[in-house]
Amino acid sequence: MKAPKTHNIYSPEYECMSRDALRELQNERLRRVVKHEYDNVAIYRERMDAKGIKPEDIKTVDDLRYLPFTNKTDLRDTFPFGLLAVPKRDIVRIQGSSGTTGKPIVSGYTENDVEVWTEMVARAIVAAGGGKDDIVQVCYGYGLFTGGLGAHQGATRIGAMTVPMSSGNTQRQILMMKELGSTMLCCTPSYAIYIGETVRDMGLDPKKDLRLKSGCFGAEPWTEEMRQRLEELLDIDACDIYGLTEIAGPGVSFECLEKKGMHVNEDHVIPEIIDPVTEEPLPYGTAGELVFTTITKEGMPMLRYRTHDICVLHDEPCACGRTTVRMGRITGRTDDMLVIRGVNVFPSQIESVLVSVKGVSPFYMLIVDRVHSTDSLEVQVEIEENSFSDTVSALENIRNEISEKVKSVVGISAKITLVSPKSLPRSEGKAKRVIDNRKL
Ligand code: DLL
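Please read all numbers here as calculations on a predicted model, not as lab measurements. Position numbers for residues start from 1 in each chain and track the written sequence from start to end. Given that the model is predicted, a residue must reach a pLDDT of at least 70 before its local features are reported, and side-chain atom pairs must reach 80 or more before they are shown or counted; all residues, however, enter totals for whole chains, interfaces and linings. The basis for every side-chain value is the complete set of non-hydrogen atoms in the structure, without hydrogens or water.

Below, the discussion takes up the pairing of strand β19 (residues 374-383). Relative accessibility thresholds used throughout: buried, under 20% of the residue-type maximum; exposed, over 50%; partly exposed, between the two (1.4 Å probe, protein chains only). We count a stretch as a helix when DSSP gives it H or I for four or more residues in a row; a strand needs E for two or more, and each element gets its number in order from the N terminus. Judged by how many residues are buried, β19 sits mostly within the fold: eight of ten residues are covered. Between any two strands, pairing holds if DSSP finds at least two bridges. Examined bridge by bridge, strand β18 (residues 360-371) and β19 share nine bridges and lie antiparallel to one another. Each bridged residue has a counterpart across the sheet, and for Val371 the counterpart in β19 is Thr374. Counted along the chain from β18 to the antiparallel partner β19, the turn is two residues long, and its residue His372 has a positive phi close to 50°. Judged from the five bridges that link them, β19 and strand β20 (residues 415-419) form a sheet pairing that is parallel.

Being near a molecule or strand, for a residue, comes down to having at least one heavy atom within 4 Å of it. Around the ligand, a shell composed of 21 residues is seen, among which Asp240, Ile241, Thr245, Asp309 and Lys430 lie nearest. Residues adjacent in sequence count toward polar contacts only when both atoms are side-chain atoms; beyond that, a polar contact is any pair of N or O atoms within 3.5 Å, and within protein one must be able to donate a hydrogen and the other to accept it. At a separation of 3.2 Å, a nitrogen atom of the ligand approaches a polar backbone atom of Glu220. Note on areas: these come from Shrake-Rupley sampling with a 1.4 Å probe, and a residue is covered only by the protein chains present in the view. Out of a free accessible area of 610 Å², the ligand has 93% covered by protein chains. When residues of the shell around the ligand are traced back to their parent elements, those giving at least two are α6 (146-157) and β7 (237-244).

Before going further, it helps to spend a moment on the sheet that holds strand β15 (residues 332-333). Pairing in this open sheet of four strands is antiparallel, and the strands run β10-β11-β12-β15 from one edge to the other. Strands at the two margins of the open sheet, each flanked by one partner only, are β10 (269-274) and β15. In this sheet, β15 lies alongside strand β12 (residues 305-311) in antiparallel orientation, the contact comprising two bridges. Its bridge partner being in β15, Asp309 is matched across the sheet by Arg333.

Before going further, it helps to spend a moment on the environment of Gly96. Mapped onto the elements of the fold, Gly96 is located in strand β1 (residues 91-97). Given the relative accessible area of 3%, Gly96 is considered buried. Each C-alpha atom, one on Gly96 and one on Ala431, is 18 Å from the other, the two residues being 335 residues apart in sequence. In this view, Gly96 contacts Ile105, Val106, Leu144, Phe145 and Thr245; residues no more than four positions away in its chain are not counted. We call two residues contacting when some pair of their heavy atoms lies within 4.5 Å.

Attention now goes to helix α5 (residues 111-127). Over its 17 residues, α5 extends 25 Å from the first C-alpha to the last, a length consistent with the 24 Å expected when each residue adds 1.5 Å. Counting buried positions along α5 yields 14 of 17 residues, so the element is predominantly enclosed. Directly beyond the C-terminal end of α5, a positive phi value near 100° is found at Gly129. The span expected for a helix works out to 1.5 Å for each residue beyond the first.

Turning to the environment of Thr374, a few remarks are in order. Relative to the helices and strands, Thr374 resides in strand β19. Given a relative accessible area of 44%, Thr374 falls into the partly exposed group. When the C-alpha positions of Thr374 and Arg341 are compared, they lie 7.1 Å apart, and in sequence the two are 33 residues distant. Discounting chain neighbours no more than four positions away, the residues touching Thr374 are Arg341 and Asp369.

Residues Tyr242, Phe292 and Met327 are the most contacted members of the largest nonpolar core, which totals 71 residues. Top contributing element to this core by residue count: α5, with ten residues. Nonpolar cores are built from buried Ala, Val, Leu, Ile, Met, Phe, Trp, Tyr and Cys residues. Side-chain atoms within 4.5 Å join them into one set. In terms of nonpolar packing, the next biggest core, distinct from the first, is built from 23 residues, Leu395, Ile398, Val406 and Ile416 among them.

Right, let's get into the domain arrangement of the protein chain. Size of an interface: often given as the accessible area lost when the parts come together. Note that domain bounds follow an automatic or database assignment of domains. The domain architecture assigned to the protein chain consists of domain 1 (1-331) and domain 2 (338-439). Contacts between the two partners involve 22 residues from domain 1, matched on the other side by 15 residues from domain 2. Between domain 1 and domain 2 the total buried area reaches about 1500 Å² when both faces are included, carbon and sulfur atoms providing 56% of it. The rule for a salt bridge is simple: a side-chain nitrogen of Lys or Arg has to be within 4 Å of a carboxyl oxygen of Asp or Glu. Taken together, the links from domain 1 to domain 2 amount to three salt bridges. Two parts placed together each lose some accessible area; with a 1.4 Å probe, that loss summed over both constitutes the buried area.

Bringing the pattern of salt bridges into the picture now. One pass over the structure, following the stated rule, counts 37 salt bridges. Across the pair Asp134 and Lys213 runs a salt bridge whose closest N-O atoms are separated by 3.0 Å. Of this pair, Asp134 sits in the loop between α5 and β3 (135-138) while Lys213 is found in the loop between α9 (206-209) and β6 (214-218), placing the two residues 79 residues apart along the sequence. Relative accessible area serves as the criterion here: at 6%, Asp134 is assigned to the buried category. Of the residues examined, Lys213 reaches a relative accessible area of 12% and is grouped as buried. Through salt bridges that share partners, Glu15, Glu119, Arg123, Asp267 and Arg322 make up one connected network.

Bringing the packing of helix α7 (residues 170-180) against helix α8 (residues 189-201) into the picture now. A pair of packed helices can be characterised by two numbers: the angle between their axes and the separation between those axes. Where α7 meets α8, the axes come as close as 10 Å, and the angle between the chain directions of the two elements is 75°. As judged from the angle between their axes, α7 and α8 are roughly perpendicular. Counting all contacts with α7, which are made through Thr170, Gln171, Gln173, Ile174 and Met177, the residues of α8 involved are Tyr191, Tyr194, Ile195, Thr198 and Val199. The residue makeup of the contact of α7 with α8, split by class, is six nonpolar, four polar and no charged. Only C-alpha atoms enter the line fits that serve as axes; for helices the fit covers just the stretch in contact. Angles between N-to-C directions range over 0 to 180 degrees. Put simply, angles under 35 degrees are roughly parallel, angles over 145 are roughly antiparallel, angles from 65 to 115 are roughly perpendicular, and the rest are oblique. For this classification, Asp, Glu, Lys and Arg are treated as charged, while Ala, Val, Leu, Ile, Met, Phe, Trp, Tyr, Cys and Pro are nonpolar and the rest, including Gly, are polar.

Taken in spatial order, the nine strands of this open sheet run β4-β3-β5-β6-β7-β8-β9-β14-β13, and their pairing is mixed. Because the sheet does not close on itself, it has two edges, and the strands there are β4 (161-164) and β13 (313-314). Relative to strand β14 (residues 326-327), strand β9 (residues 262-264) runs antiparallel, the two being bridged by two bridges. Bridging across to β14, His263 finds its partner in Arg326. Running at roughly 130° to strand β5 (residues 184-187), α8 makes contact with β5 and β6 of the sheet.

Here it is as structure tokens:
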């Protein structure tokens, strides 16, 4: 059962604002947040002083380029409370992210920050077709990770019946989904595919046995092909949702049912795209590193936070009526780029190859190694159940096709290993797709 393609909008007064009025609002909020940071956070004051900038110099969004950047290392170096812009007693929530290396990073939220974040997720769920009559099953992990509580707050805010399942225990998830008649699902796209496969394994037919119509899926990169597979497996509309702990958790941007890019909540955050090397701002339509400035956050606001996520921004009007700028899919991260034999390799490039080959599933693992000073790349990919019994030569053809495509798209040769269906580890949260033995 798919959601009817009606475009309900939670906060039309902001989401459909004229661009001029929005710019005015952003200018005013930017001036306020820059002063707040300068007055209350030592790092920002020192960095602005070093560049000879005073808060009064930042008058409009066009002046953003004069502000210093904030990096994940700044959060680590000042962990846990060094970037707080309010007294600790005004913080009502800590959320965090484990990151891939080193110390976790945390962000502190005031009551108003939680309120703003809740509204951003409410907008996302409504954009995916949600409303008061929905039963929203939240299978993002609850805890420091922002996925569970974020989706929970947003779903509760729109008055939906919220089911706080958290991640894991997949068969039980599906039984609850069936018995309660859940209509929406919120989890990572890889976990949603796993749920979809398990639904089939349990002999259930999503069209007859489930009442799901749509969902908000994010927290990890995914592709159009994965969307198609997920939509088929569960018979739903699958919308992308993006966010990060440092800015607000899920809901920083989200897709509407047009599914043509994620609307940025521009009344709360200002997005920029920069060249990651020169750090110069790039125009809309050009791929680069996404940078956010929060303009309503009180607890731990961020000026020009470098996300390391790579995408494109565009401002073509959307059929849904929202006037906000949209983000294309995240196509990679500047820091999870693998350099193999001198070639820059993004896991998303390999994924795009795999999903274009018939007979293999989107579950894969990249294993990078170094033997006698030479880097090697192995791509392990699951073959689909119905290709499993294919003849040896049919499987050999699949392997050759992947091998040739990887070589032509990525520019290096890789060892391709076809593994049996469902043999790679499944994740209930963010999928892990790279094992780099060179770093061990
Ligand atoms: O992943 C927040 C979130 C929860 C977003 C639930 C969406 C749904 P962090 O754990 O801090 O926060 O990780 C943030 O995850 O910089 C991206 O690299 C990646 N990411 C998040 N959403 C998407 C997405 C949450 N839709 C980091 N597509 C970000 C691709 C995403 N990558």
